[in-house]
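Listed below are the residues making up each chain.
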Amino acid sequence: MSIGEEQFLARAIDLAIRNVHDGGGPFGAVIVTGDGRPFDGINRVTANNDPTAHAEVMAIRNACSSLGTFDLSGCVLYTSCEPCPLCLSAALWARVDGIVYAADRHDAARAGFDDARFHDFFTQPVEERSMQVRQLVLPDSSGANPFRAWAELANRIEY
């Protein structure tokens, strides 16, 4: 770990601690661009009544908004805790190059933030999952219409 990495990870941890005292959850994150620009995120799930307002997601949103892009290639995500599946998925969609975290999922579970069921969801057989996800095919096959409209759009932005 380089000096810069230690500083960015310490920043994420500090954000998490300060957020606890500001009515948020104990999670902080920082997206850092290749040239060292940081974009912070803090967990505001209960403060905002938004189950997607995880620190990593908020850092990604802040970085993308500020940089004017949805592609964070070349960036690294520093986070106070190992990302849950939501945050890992968000980082993958954002094309983040890597993730560095401090506490792991077991540390989080001991503090009451056990996301094992979310990690396990994808490894369970479909019929045994806690939430059923199923396809309903409409008789007119209109479910594919949004993709046809996308394919026909000449000025679409690929992602």
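Note that the coordinates shown come from a computational prediction; the quantities given were computed from them, not determined experimentally.

Scoring rules and cut-offs
Residues numbered from 1 in each chain as written. Predicted model: local features only at pLDDT ≥ 70, side-chain atom pairs only at ≥ 80, totals over all residues. Heavy atoms only, no water. Salt bridge = Lys/Arg side-chain N within 4 Å of Asp/Glu carboxyl O. Helix = DSSP H or I, 4+ residues; strand = E, 2+ residues; numbered from the N terminus. Buried < 20%, exposed > 50% of the residue type's maximum accessible area, 1.4 Å probe, protein only. Phe/Tyr/Trp six-rings, centres within 6.5 Å; stacked < 30°, edge-to-face > 60°. Lys NZ or Arg CZ within 6 Å of the ring centre and 35° of its normal.

K.L.:
Describe in detail the pattern of salt bridges, supporting the description with residues and values.
P.N.:
A side chain with one charge can pair with a side chain of the opposite charge if their charged atoms come near. Within the structure shown, the criterion is met by seven salt bridges. When the shortest N-O distance is used, the salt bridge between Arg-61 and Asp-50 registers 3.9 Å. Taken together, the residues span a long stretch of sequence, with Arg-61 in helix α3 (residues 55-67) and Asp-50 in the loop between α2 (45-48) and α3 at a distance of 11 residues. A relative accessible area of 22% places Asp-50 in the partly exposed class.

K.L.:
Lay out the packing of aromatic side chains with the relevant residues and their values.
P.N.:
We describe a pair of aromatic rings using the distance from one ring centre to the other and the angle between the two ring planes. As enumerated under the stated definition, the model contains six aromatic pairs in all. Here Trp-93 and Tyr-159 contribute two aromatic rings whose centre-to-centre distance is 6.2 Å and whose plane-to-plane angle is 55 degrees, an arrangement assigned as tilted. On the criterion of sequence distance, the pair formed by Trp-93 in helix α4 (residues 85-93) and Tyr-159 in the segment after α7 (145-152) is long-range, its members being 66 residues apart. With a relative accessible area of 57%, Trp-93 lands in the exposed category. Using a relative accessible area of 58% as the deciding quantity, one classes Tyr-159 as exposed. Between Phe-121 and Phe-122, the ring centres sit 5.3 Å apart and the planes meet at 85 degrees, which makes this aromatic pair edge-to-face. We note Arg-129 situated over the ring of Phe-121; from NZ or CZ to the ring centre the distance is 4.9 Å.

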